[in-house]
Amino acid sequence: MKILAISGSAREASTNTALLQTMKNLAPSGVEVSVFHNLNVLPVFSPDAEGEKTPVAVREFMEAISATDGIIISSPEYIRAIPGGLKNAIDWIVSRYEIIDKPIVLVHASHRGDDMLTSLRLVLSTVSNNFLEHLFLRIPLIDKSPEEIMEFLRLPERESQIRSFLLNFAAAVHQSSEGVPNE
Ligand SMILES: Cc1cc2nc3c(=O)[nH]c(=O)nc-3n(C[C@H](O)[C@H](O)[C@H](O)COP(=O)(O)O)c2cc1C
């Protein structure tokens, strides 16, 4: 099973990317998580650049989505909203087929950001038939250094929280592939 983990932050020391990297390292056997943290390579969306004119970076991103069985998104809140880079990526996706039936879940690396989460939930339930809102993992990492994050995520209770979230998501992805609707 392939899972694409998309970070809404292009920051090198991003806490959201760190959370997704840890998920990659803790993935259960048979589940391969790849982390995408370069949303800043996608040009600004325009309907004029769709179809044959689709830029190479966007095509590669779509291919990564197409090849995956499920998507995890972890994003910061910027100015009480979805960061421009993530919203831009979703704008590219919306009129295409790749995303529509993919199981999608949210995780979040901050104790704040609920305006962004509300908005992102609305957007994802609009672009996808398979946004699994009932699966959600929040692990606040804000203001921690990369070293503190590594230490914090290595605590047995954190690891077990992450592993159990991934097992639940993998089960939901499997269920979807069998054509069984998720709650
Ligand atoms: C431009 C900008 C705007 C931000 N706006 C908010 C905000 O509205 N609400 C909030 O809780 N945090 C806000 N933050 C803080 C980030 O959401 C927070 O630092 C987050 O953990 C960064 O995620 P990252 O570590 O993955 O880059 C903002 C940060 C930046 C750079």
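No experiment lies behind these values; they were computed from the predicted model shown.

### Things to note about the sheet that holds strand β3 (residues 70-74)
Item 1. Taking strand neighbours across the sheet as the criterion, the five strands line up as β2-β1-β3-β4-β5 in an open arrangement whose pairing is parallel. Across the chains shown, the open sheet's two edge strands, defined by having one partner strand only, are β2 (32-36) and β5 (131-138). On average, adjacent strands in this sheet sit at an angle of 25 degrees to one another, irrespective of strand direction.
Item 2. Judged from the four bridges that link them, β3 and strand β4 (residues 104-108) form a sheet pairing that is parallel. Bridged to isoleucine 73 within β4 is leucine 106.
Item 3. Sheet strands in contact with helix α6 (residues 156-177) are β1 (2-7), β3, β4 and β5, and its direction is about 170 degrees off that of β5.

### Brief notes about the packing of aromatic side chains
Item 1. Counted according to the given criterion, the structure contains two aromatic pairs.
Item 2. An angle of 45 degrees between the planes, with centres 4.9 Å apart, marks the rings of phenylalanine 36 and phenylalanine 61 as tilted. One end of the pair, phenylalanine 36, is in strand β2; the other, phenylalanine 61, is in helix α2 (residues 56-66), and 25 residues separate them in sequence. With respect to burial, phenylalanine 36 and phenylalanine 61 carry one shared label: buried.

### Here we look at the site of the ligand
Item 1. Taken together, the neighbourhood of the ligand is formed by 13 residues, with Ser9, Arg11, Ser14, Thr15 and Glu77 sitting nearest.
Item 2. Here a nitrogen atom of the ligand and a side-chain polar atom of glutamate 77 are 2.6 Å apart.
Item 3. When isolated, the ligand has an accessible area of 630 Å², and the protein chains bury 69% of it.
Item 4. In terms of residue class, the shell around the ligand is made up of four nonpolar, five polar and four charged.

### Here's the deal with the pairing of β2
Item 1. Bridge analysis of β1 against β2 gives five bridges, and the strand direction is parallel. Bridging across to β2, isoleucine 3 finds its partner in valine 33.
Item 2. Where the polypeptide runs from β1 across helix α1 (residues 15-25) and back to β2, its parallel neighbour, the crossover connection is right-handed.

Each value, and the rule that gives it
Numbers given to residues run from 1 along each chain, matching the order in which its sequence is written. Per-residue local features of the predicted model are confined to residues with pLDDT of at least 70, and side-chain atom pairs are confined, for both listing and counting, to 80 or more; whole-chain, interface and lining totals are unaffected and use all residues. Hydrogen atoms and water are omitted, and side-chain values are computed over all heavy atoms in the structure. Two strands make a pair as long as DSSP finds a minimum of two bridges between them. By the criteria applied, helices consist of DSSP H or I runs no shorter than four residues and strands consist of E runs no shorter than two, each listed in order from the N terminus. Geometry is summarised by axes, namely lines fitted to C-alpha atoms with helices restricted to the contacting stretch, and by angles between N-to-C directions that run from 0 to 180 degrees. The contact criterion used throughout is that any non-hydrogen atoms of two residues lie within 4.5 Å. What counts as a ring pair is set by centres within 6.5 Å for rings of Phe, Tyr and Trp (its six-membered ring), and what kind of pair is set by the plane angle: stacked under 30 degrees, edge-to-face over 60, tilted for all other angles. Summary of the burial criterion: residues with accessible area below 20% of their type's maximum are buried, those above 50% are exposed, and those between are partly exposed, where the area comes from a 1.4 Å probe applied to protein chains only. Here a residue is considered near a molecule or strand provided that any single heavy atom belonging to it is located within 4 Å of it. Side-chain atoms alone can form a polar contact between residues adjacent in sequence; in general such a contact is a pair of N or O atoms within 3.5 Å, and within protein one must be able to donate a hydrogen while the other accepts it. Throughout, the Shrake-Rupley method with a 1.4 Å probe supplies accessible areas, and for residues the shown protein chains are the sole cover considered. Three residue categories are used. Nonpolar comprises Ala, Val, Leu, Ile, Met, Phe, Trp, Tyr, Cys and Pro, charged comprises Asp, Glu, Lys and Arg, and polar comprises the others, including Gly. When the strands point away from the viewer, a crossover counts as right-handed if the route from the first strand across the helix to the second turns clockwise.

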